[in-house]
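# Descriptive analysis of the structure
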Amino acid sequence: MTGSWATPAPTEVKRPGWDEYFMLLAEQAAKRGTCSRLQVGAVVVQNNRVVGTGYNGAPQNIPHCEHYEDAPCEISVHAEVNALLYARFDEGAWGPTKMYCTHMPCFECSKLILNTPITIVYYREWYGRNAGHDLLSTGGVHIVRVP
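Note that this is a predicted model, so its numbers are computed, not measured.

## Describing the overall build of the protein
Check the secondary structure of the protein and you find four helices and five strands. Seen in sequence order, the protein has helices and strands lined up from the N terminus as α-β-β-α-β-α-β-α-β. Each of the 147 residues in the protein was classed as buried or not, and the buried ones make up 36%. Excluding contacts between residues fewer than 6 apart, the proportion of contacts in the protein whose partners are at least 24 apart in sequence is 51%.

Quick look at the structure:
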């Protein structure tokens, strides 16, 4: 019998780092958002495992509101809130609990984040109106803006 049974050397596969990967997931979640003004996504992570995802939109069985100019949405549940509502936190998980958001959480969402085990928030875009940056920082949450 002839032939080589040697396994060929594996080719190096470029894959995203954890932070990049989770931010990509948040961006994909945002695409499900029903808000016509701004689509936002959020992912909650413990021990490099997704424990919750969310996007902004009207509550279940409620039509989304119409937007006029740059008026804020009156009915949308924010992505961060939806991610927290559906998160399954593991009390015994080692390592920090993180949230990846397409936009800086607002003041109201930041208050809720402070009442969870989340210690780091990564975000890509600034949310100028009512941003919760200072509140999160004061509450001991590390904030990282990613490009």
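## Describing the sheet that holds strand 1 (residues 41-46)
Within a sheet, neighbouring strands are paired by backbone hydrogen bonds and run either parallel or antiparallel to one another. Read across the sheet, five strands follow the order 2-1-3-4-5 without closing on themselves; strand pairing throughout is mixed. A strand with exactly one partner marks an edge of an open sheet, and here the two such strands are strand 2 (49-55) and strand 5 (142-145). On average, each strand axis in the sheet is tilted by 20° relative to the strand beside it, whichever way the strands run. The sheet contact formed by strand 4 (residues 118-125) and strand 5 spans four bridges and is parallel. Note that in strand 5 the partner of Tyr 122 across the bridge is Val 144. Strand contacts of helix 1 (residues 18-30): strand 1, strand 2, strand 3 (97-103) and strand 4, with the helix running at about 50° to strand 3, the strand carrying the most contacts. Sitting on the sheet, helix 2 (residues 79-86) is in contact with strand 1, strand 2, strand 3 and strand 4, with an inclination near 135° to strand 2.

## Concerning the side chain of Gln 46
For Gln 46, the location among the structural elements is in strand 1. Here Gln 46 is in contact with Val 51, Arg 88, Phe 89, Asp 90, Ala 93, Pro 96, Thr 97 and Pro 117, once residues within four sequence places are set aside.

## What to know about the packing of aromatic side chains
Scanning all chains against the criterion turns up six aromatic pairs. An aromatic cluster of three or more residues is present, and its members are Trp 18, Tyr 21, Phe 22, Tyr 100 and Tyr 122.

## Thoughts on the nonpolar core
By size, the foremost hydrophobic cluster in this structure holds 21 residues, and its most contacted members are Val 44, Met 99, Ile 113, Ile 118, Val 121 and Leu 136. Those residues in contact with Ile 113 that lie beyond four places of it in its chain are Leu 84, Met 99, Pro 105, Ile 118, Val 121 and Leu 136. Among the nonpolar cores identified, the runner-up in size contains nine residues, and Met 23, Val 43, Ile 120 and Val 146 belong to it.

## Overview of helix 2
Think of an α-helix as turning once every 3.6 residues; residues three or four places apart then point the same way. All of the buried residues along helix 2 are Ala 79, Glu 80, Asn 82, Ala 83 and Leu 84. Those residues of helix 2 that are buried lie in contact with strand 1, strand 2, strand 3, helix 3 (107-113) and strand 4.

## Things to note about the confidence of the model for the protein
Detailed reading of the predicted coordinates is not advisable wherever pLDDT is low. When the pLDDT values of the protein are averaged, the result is 88; 89% of them are 70 or greater. Considering each helix and strand of the protein separately, the mean pLDDT is smallest for helix 4 (residues 133-138), with a value of 94, and largest for helix 1, with 97.

## Overview of the pairing of strand 2
Examined bridge by bridge, strand 1 and strand 2 share six bridges and lie antiparallel to one another. Each residue of the ladder has a partner; that of Ala 42, found in strand 2, is Gly 54. In this antiparallel pair of consecutive strands, strand 1 and strand 2, the connection spans two residues, and Asn 47 shows a positive phi of 55°.

## A short note on the environment of Ile 62
As for its placement among the helices and strands, Ile 62 is situated in the loop between strand 2 and helix 2. Taking relative accessible area as the criterion, Ile 62 reaches 40% and is therefore assigned partly exposed.

## Notes on the pairing of strand 1
Within strand 1, six of the six residues are buried, leaving the element largely enclosed by the surrounding structure. Residues Gly 41, Val 43 and Val 45 point to one face of strand 1 and Ala 42, Val 44 and Gln 46 to the other, with burial holding for every one of them. For strand 1 and strand 3, the ladder comprises five bridges, and the chain directions are antiparallel. What sits directly across from Gln 46, in strand 3, is Thr 97.

Conventions used here
Counting restarts for each chain: residues are numbered from 1 in the order of the written sequence. Totals for whole chains, interfaces and linings use all residues, but because this is a predicted model, local features are given only for residues with pLDDT of at least 70 and pairs of side-chain atoms are given and counted only at 80 or more. Heavy atoms from the whole structure form the basis of all side-chain values; hydrogens and water molecules are not counted. Helical segments are the DSSP runs of H or I of at least four residues, strand segments are the runs of E of at least two, and each set is numbered from the N terminus. For each residue, the accessible area found with a 1.4 Å probe, counting protein chains only, is set against the maximum for its type, and the residue is called buried under 20%, exposed over 50%, and partly exposed in between. Whether two residues are in contact is decided by their heavy atoms: any pair within 4.5 Å suffices. By this definition, two strands are paired if DSSP reports at least two bridges between them. Orientation is described by axes fitted as lines to C-alpha atoms, over the contacting stretch for helices, and by angles from 0 to 180 degrees between their N-to-C directions. Pairing of aromatic rings covers Phe, Tyr and the six-membered ring of Trp, with a centre-to-centre limit of 6.5 Å; geometry is then stacked below 30 degrees between planes, edge-to-face above 60, and tilted otherwise. Residues belong to one nonpolar core when they are buried, are Ala, Val, Leu, Ile, Met, Phe, Trp, Tyr or Cys, and are joined through side-chain atoms within 4.5 Å. The pLDDT value expresses, per residue, how confident the predictor is, ranging between 0 and 100.

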